[in-house]
Amino acid sequence: MVADPAAVFDDAHFVKQAYALAGGQWLGDYNRTTLIKGAGYPLFIALSAGLGLPLKMAEQALYLAVGGALAFALGRRARAPWAGWLLFVGLAFNPALWHPSLARVIREGFYVSGMLAVVALAAWSFAPRCRRRAAIAAGAGLALGVFWITREEGVAILPALATMAAVGIALQWQRRQRIQLRRPRWSAPSLLRSGRALAMAALLMGAAGATVVLSVKAANRHMYGVFLATEFQSGAFVRAYGALARIQHDRWQPYVVFPADARARAYAVSPAARELQPFLDGPVGELWRRTGCQQTGQSPCPEILSGWFMWALRDAAWNAGHHRSAAETQAFYDRLASEINEACDQSRIPCGPPRATLAPPFQAQRLGATLHAARDIAGMLARLGDGQWGTPASVGATEHLDTQSQMVGTISRPAHHRYEAAGWITGRDQLPQMALLGPQAESVPMTLELRRVSAEEQAAGLAAGWRLRIVSGCAPQACQLEVDGRRYPLAAGRLPLPAGTGVIDIERLRDLSRTLPGRRMEAQQRLAALLAAAYHRAMPVALVLGALGIATGVALRQKRRRDPAAELLLVLLAGAAAAVATRIALLAYLEATSIPSVNMLYASPATPLVIVPGTCGIWLGLRTLRSRRVAGRRAA
């Protein structure tokens with residue numbers, strides 16, 4: 001896995017909070033980053049460290065456990081173990097999990113299992129025929145609670161839950177009509193009667209999820225004096241951000257939420273905003289403007305972009321002395337929001353409607369960019385990747401890497417290659433002056449070993465001269481060998497010395513760093529590349545066949561006997577489709593309005609739910625056709 005101690009809002013933040021949890025200090029002392037992100041992932045890191053499991057091994061074990069439980073349950077309910085194995089194999093070798101961005105200490109590696117668990121357990125809870133509905137609904141609620149406290153967009157799972165509940169009610173209603181031998185007739189009372197059990201499951205699910213979230217809020221209340229899960233989900237910071245975002249601009253600019261003209265209006269009406277002016281209009285604002293512009297490639301880029309403004313705002317408040325405690329921080333942001341909103345409501349400055357969200361206001365002119373981003377994300381998900389995989393080297397000071405490694409397990413270290421060039425110098429008695437030069441003609445440290453050929457070796461047929469061995473950290477293809485002032489490429493072969501004074505014969509070049517673990521890693525990456533290429537080609541075809549299978553199962557359902565396995569699959573597939581569609585819409589919206597979001601890191605939580613219809617849809621279609629053929633034979 002990769003460690004990045006410089007990522008103070010991601011990798012380093014999660015490891016720091018895991019250390020605090022392991023030491024019984026909850027999330028640590030309060031500062032401007034303590035409540036920026038949910039406690040779910042630091043809790044998981046601390047738990048895996050407590051169990052002695054490397055973090056990535058724990059993430060993969062959890063993912064395989066969730067996928068294996070779903071596959072086993074489906075195969076058992078359908079009485080078709082091969083179908084369960086097909087789904088499990090498809091999930092187990094998901095190439096998106098080998099992406100370099102998921103090799104980091106990043107919460108998406110945990111979040112992907114959470115999304116799969118929530119959808120799978122909720123589908124089981126909402127299926128018409130469920131023997132342990134209460135227990136499974138409670139489990140789904142606990143998974144939902146953990147999911148909710150891991151990332152800030154937990155609300156995005158609600159459309160999938162609502163879709164599964166609606167499909168489950170429809171299937172339950174059809175089942176009641178079939179039992180009563182009545183012609184299907186839609187009515188509100190009959191739907192309500194059919195949905196009573198599922199409504200109880202939904203209430204139990206919500207109660208269990210709320211218990212998890214409220215427990216985290218209670219812990220934050222005890223430690224920091226604020227009843228919040230994070231400061232980015234609710235509370236005064238969200239209200240202050242929304243108040244600043246409602247101020248109208250003289251000229252609309254894409255990706256900009258609080259430009260210079262809006263800042264001037266805020267400073268004119270809000271003493272709290274004026275406290276931030278030296279920092280937003282000074283080095284803090286410039287730092288975040290430059291960071292956002294560099295990461296997005298925007299040019300010209302005169303303003304802080306919306307994806308980075310939240311960090312600029314918090315850093316400005318911190319520099320102004322308003323992050324000493326959580327309660328004082330909330331009071332400051334409340335004052336900022338009240339002053340801006342009061343000025344807007346009194347028409348002292350031009351403003352839009354009231355806002356209390358970090359989501360940027362959607363502009364109609366960004367619709368085209370949103371649709372373009374949605375197409376790119378959908379294509380990337382359909383192929384389960386963007387052609388990248390593997391684990392890059394960690395970057396950072398050795399002591400910082402060691403600190404992270406103690407919590408998360410073995411990490412990839414910066415590469416320190418040692419290369420050897422070995423050969424002979426013949427045709428001269430005196431040694432030449434030798435130096436090794438790097439790509440920019442800079443001197444490269446090297447170990448030079450020279451040994452005169454012995455009389456016994458000469459008697460055995462070796463020419464008189466010197467045995468040569470050079471060891472350095474410079475790759476041969478990138479270095480030059482300087483001999484008596486003349487430069488030669490460091491490559492295998494004969495290098496004639498100046499004025500016919502002899503020959504250097506380089507007979508062997510090799511990388512001394514190629515150890516057995518390194519060669520094993522290379523073999524694993526080659527296998528991963530083959531599997532990723534196979535998914536890249538096969539998954540779009542599987543999705544098309546899965547869609548045909550789902551359409552077949554739905555179209556022929558009215559003419560078939562009740563099939564509990566097919567009912568469960570329909571609920572699951574509906575939820576998977578809704579979750580994937582919501583994820584695509586969310587990322588496309590963010591790409592068009594805020595931050596670069598067309599990437600596998602953000603898309604990865606939806607990848608297992610892409611595999612589910614690609615495998616289960618095919619099985620559902622085959623099962624439907626087989627049942628229809630059997631029913632036809634019986635009728636004949």
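Residues numbered from 1 in each chain as written. Predicted model: local features only at pLDDT ≥ 70, side-chain atom pairs only at ≥ 80, totals over all residues. Heavy atoms only, no water.

Novice: Even after reading the chapter, I still don't get the sheet that holds strand E5 (residues 480-483), so can you show me in this structure?
Specialist: The strands making up a sheet are joined through hydrogen bonds of the backbone, oriented either antiparallel or parallel. In spatial order, the strands read E2-E5-E6; together these three strands make up an open sheet with antiparallel pairing. Whereas interior strands pair on both sides, the edge strands pair on one side only; in this sheet they are strand E2 (434-437) and strand E6 (486-489). Neighbour-to-neighbour, the strand axes of this sheet turn through a mean angle of 30 degrees, independent of strand direction. For E5 and E6, the ladder comprises four bridges, and the chain directions are antiparallel. Bridge assignment links Glu482 to a residue of E6, and that residue is Arg487. (Pairing = 2+ DSSP bridges. Helix = DSSP H or I, 4+ residues; strand = E, 2+ residues; numbered from the N terminus. Axes fitted to C-alpha atoms, helices over the stretch in contact; angles between N-to-C directions.)

Novice: Mind showing me how you'd approach the environment of Phe9 here?
Specialist: Tracing the chain through its elements places Phe9 in the segment before helix H1 (11-22). Overall, Phe9 belongs to the buried group, its relative accessible area being 13%. Sequence separation between Phe9 and Ile36 is 27 residues; the distance between their C-alpha atoms is 8.3 Å. Once you skip the residues sitting within four places of it in the chain, Phe9 turns out to touch Arg32, Thr33, Ile36, Lys37, Trp288 and Trp311. (Buried < 20%, exposed > 50% of the residue type's maximum accessible area, 1.4 Å probe, protein only. Contact = heavy atoms within 4.5 Å.)

Novice: Before we go on, may I ask you to explain H1 in this structure?
Specialist: Residues separated by three or four positions in an α-helix point in the same direction, a consequence of the helix having 3.6 residues per turn. Taking 1.5 Å as the rise per residue, H1 with 12 residues should run 16 Å; its terminal C-alpha atoms sit 17 Å apart, in good agreement. For H1, a buried count of nine out of 12 residues is recorded, marking the element as mostly surrounded by other parts of the structure. Summarising the contacts, the buried residues of H1 are in contact with helix H2 (40-50) and helix H17 (398-408). Phi turns positive, to about 75 degrees, at Gly24, one or two residues after H1. (Expected span 1.5 Å × (residues − 1).)

Novice: What is the right way to read the packing of helix H13 (residues 283-296) against helix H14 (residues 306-319) from this model?
Specialist: Describing two packed helices takes the angle between their axes plus the distance from one axis to the other. Remark: H13 packs on H14, axes separated minimally by 9 Å, with the N-to-C direction vectors making an angle of 160 degrees. As the angle between them shows, H13 and H14 are arranged roughly antiparallel. Note that H13 runs across H14; the crossing there is right-handed. Taking contact as the criterion, the partners of Val284, Trp288, Thr291, Gly292, Gln295 and Thr296 in H13 are, on H14, Trp308, Trp311, Ala312, Asp315, Ala316 and Asn319. Looking at side-chain class alone, the contact of H13 with H14 contains six nonpolar, five polar and one charged residues. (Parallel < 35°, antiparallel > 145°, perpendicular 65-115°, else oblique. Left-handed = near helix turned anticlockwise from the far one by under 90°. Nonpolar A, V, L, I, M, F, W, Y, C, P; charged D, E, K, R; others polar.)

Novice: Looking at this structure, I do not really get empty space enclosed by the protein. What am I missing?
Specialist: Rolled over the atoms, a probe as big as a water molecule pinpoints where empty space is left. Overall, the coordinates contain four cavities of 30 Å³ or more when judged by the stated rule. The calculated volume of the largest cavity comes to roughly 90 Å³. Forming the boundary of the largest cavity are 13 residues, of which Leu74, Ala83, Gly84, Cys616 and Trp619 lie nearest the centre. Looking at the lining of the largest cavity, the elements that each hand over two or more residues are helix H3 (55-78), helix H4 (81-92), helix H20 (564-593) and helix H22 (607-635). (1 Å grid on protein atoms, 1.4 Å probe; cavity = no way out; pocket = protein on both sides within 12 Å on 5 of 7 lines; lining within 4 Å. Points joined across faces, edges and corners; volume = space filled by probe spheres on them.)

Novice: Before we go on, may I ask you to explain unusual backbone geometry in this structure?
Specialist: Note the cis peptide between Ser299 and Pro300, where omega equals 0 degrees. Note that Pro300 resides in the loop between H13 and H14. Notably, Tyr255 is not glycine yet its phi reads approximately 70 degrees, a positive angle. Position of Tyr255 relative to the elements: it lies in the loop between helix H10 (236-245) and helix H11 (260-269).

Novice: Could you clarify how one ought to interpret the pattern of salt bridges in this entry?
Specialist: Opposite charge on two side chains permits them to pair, given that their charged atoms come into close proximity. Scanning all chains against the criterion turns up 27 salt bridges. A salt bridge links Lys37 to Asp10; the nearest nitrogen and oxygen atoms lie 2.4 Å apart. Of this pair, Lys37 sits in the loop between H1 and H2 while Asp10 is found in the segment before H1, placing the two residues 27 residues apart along the sequence. In this structure, Glu275 engages Arg335 in a salt bridge whose closest nitrogen and oxygen atoms are separated by 2.9 Å. (Salt bridge = Lys/Arg side-chain N within 4 Å of Asp/Glu carboxyl O.)

Novice: Where do I start with a nonpolar patch on the surface in this structure?
Specialist: A cluster of nonpolar side chains, Leu47, Leu51, Leu53 and Met57, forms an exposed patch at the surface whose accessible area comes to about 400 Å². Its location among the elements puts Met57 in helix H3. (Patch = residues over 30% accessible without salt bridge, like charges linked within 9 Å, V, L, I, M, F, W, Y side chains within 5 Å. Areas by Shrake-Rupley, 256 points an atom, 1.4 Å probe, with all protein chains shown as cover.)

Novice: Honestly, the state of the cysteines in this entry has me stumped. Any pointers?
Specialist: A covalent bond between the sulfur atoms of two cysteines is referred to as a disulfide. For the coordinates displayed, the defined rule picks out three disulfides. The partner cysteine of Cys344 in its disulfide is Cys351, sulfur to sulfur 2.0 Å. Looking along the S-S bond of the Cys344-Cys351 disulfide, the torsion reads about -60 degrees, which is the left-handed sense. On the basis of relative accessibility, which here comes to 17%, the residue Cys351 falls in the buried class. Two residues, Cys474 and Cys479, share a disulfide whose sulfurs are 1.6 Å apart. Here Cys474 matches Cys479 in class, with each residue buried. (Disulfide = S-S within 2.5 Å.)

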